[in-house]
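Take a look at the letters that make up each chain.
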Amino acid sequence: MNKHYSFIRLVVCYTVCVFFMVYCFYGTIQFNNKTTPTFTDIFIKNTEKSDKNTEKTEKAEKNSSKDQKTAEKTESVSSKTQKSESVAVSNSAIKGKIVTRYISPYKAPQSYGGVYMKNSTGTSVNIKQLLYKKLDFKIEKNSSPQVLIIHTHTTETFMQKDAEYYTADDKARTTDNNKNMAKIGSIIAKKLNDNGIKTIHDTTKHDYPEYTGSYTRAAKTITSYLKKYPSIKIVLDLHRDSVSADGGKAKLVTQINGKNAAQVMLVMGSQTGGITGFPNWKENLSLAFKLQQTIEAKYPTLARPLMLASKKYNESLSKGSLLIEFGTEANTLSEATYSAELVGNSLVSLLNTLK
């Protein structure tokens, strides 16, 4: 009996053990087939998310960089547009720089009573004596021409804009009478005529198409007018100077009443240094001294020191001849025309005293 019960217990224990083993085997398989993520799965998925976020960040940064570059390009284009005028002038087109200069009359080697002179003739000149010398002619306010304005170098011109450099397009000469010496002459002629001083303005281009022989051709023009109008007392030959500085071109500027004006210079010839046929040179110089004194009194610093040379400059053709230089080719046209107005005013003041 006891053996029988022992056997039954053994079978029961064996059956339980078998069921337990079967349960464990199938349970493990089912467990392994579940989709519950492991640590590695979580790490990989987080890494993939991180990579995707990184890609998104990089894309955002790239887009931001593109936007920034676009903005920079836009600003660059805007800047280029604002500087279109300077961009239009390439470095290869720039021929040289323009330097602003002022020539003080007060440093002249010789001076007296508002007259400043640089004498290169080697001949002594008494400024005071000639300044107060009475002229041989008088200015009459009637219908007869008193003044003749001509230009030996008519095509001399100026800068059309204010700049720190000049280019191949900035020509030193032009046949356009609104931009060359004819423009300067027209301003002075108008000043004189408006004040009752009958003036003829000749705009013949004596230096075009050929420069050589300009003075010879101008002499013929002057002689022709003097023969036709014996009433002419004064002949003005208006020029433009050319001055170099620091490897470039110099513009000669002074401020008159707060406005830039091209400095002017009286250039006078003389019968010195072998020059002959010019007996009236002191008459011309006397008139020049009077004009320079008038300019200095009305517009201080406008006139550079008067230059006296052993030349004729066609001034031997009359007793009232003057050659006047207006600025340089580096001065602007507006600076030169302003100076023409000032010189015109000075001429009116002076000639009104010659009655």
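What you see is a predicted model, and the numbers here were worked out from it, not measured in a lab.

Q: Which parts of the structure should I look at to understand the overall build of the chain?
A: The helix and strand tally for the chain stands at eight helices and 13 strands. Here the chain, with 355 residues, has 41% of them falling under the buried criterion. Partitioning the intrachain contacts of the chain with sequence separation of at least 6 by distance along the chain shows that 80% fall at a separation of at least 24. Looking at the chain as shown, the accessible area adds up to about 20400 Å², and 54% of this sits on carbon and sulfur atoms.

Q: Please clarify how helix α6 (residues 214–228) should be interpreted in this entry.
A: Think of an α-helix as 3.6 residues a turn; residues three or four steps apart then line up on the same face. A rise of 1.5 Å per residue sets the reference length of α6, with its 15 residues, at 21 Å; its end C-alpha atoms lie 21 Å apart and thus fit the reference within 8%. Regarding α6, the residues found buried are S214, A218, A219, T221 and I222. The buried side chains of α6 occupy one side of the element, clustering within an arc of 165 degrees when seen end-on. Opposite its buried face, α6 presents the exposed residues T216, K220, K227 and K228, each directed more than 90 degrees away.

Q: Is there a simple way to think about the sheet that holds strand β11 (residues 264–268) in this case?
A: What links the strands of a sheet is backbone hydrogen bonding, and the strands pair in either a parallel or an antiparallel sense. With mixed pairing, eight strands are arranged side by side in an open sheet as β2-β3-β12-β11-β13-β7-β4-β6. Strand pairing shows two members of the sheet lacking a second neighbour, β2 (110–112) and β6 (199–201), which therefore form its edges. Direction aside, the axes of adjacent strands within the sheet are offset by 25 degrees on average. On the sheet, helix α5 (residues 181–194) packs against β4 (147–150), β6, β7 (234–241) and β13 (321–328) and is oriented at approximately 165 degrees with respect to β6. In the packing of helix α8 (residues 333–351) onto the sheet, contacts are made with β4, β7, β11 and β13, and the angle to β13 comes to roughly 155 degrees.

Q: How should the nonpolar core be read in this particular structure?
A: The biggest cluster of nonpolar side chains holds 54 residues, and the ones touching the most others in it are F289 and F326. The element that contributes the greatest number of residues to this core is α8, accounting for ten residues. With near-sequence residues (within four places) excluded, F289 lies in contact with V115, M117, V125, I127, L130, L131 and L306. Ranked by size, the runner-up nonpolar core spans seven residues in total, among them I150, I200, A218 and I232.

Conventions adopted
Residues numbered from 1 in each chain as written. Predicted model: local features only at pLDDT ≥ 70, side-chain atom pairs only at ≥ 80, totals over all residues. Heavy atoms only, no water. Helix = DSSP H or I, 4+ residues; strand = E, 2+ residues; numbered from the N terminus. Buried < 20%, exposed > 50% of the residue type's maximum accessible area, 1.4 Å probe, protein only. Contact = heavy atoms within 4.5 Å. Areas by Shrake-Rupley, 256 points an atom, 1.4 Å probe, with all protein chains shown as cover. Expected span 1.5 Å × (residues − 1). Arc of directions from axis to C-beta. Pairing = 2+ DSSP bridges. Axes fitted to C-alpha atoms, helices over the stretch in contact; angles between N-to-C directions. Core = buried A, V, L, I, M, F, W, Y, C linked by side-chain atoms within 4.5 Å.

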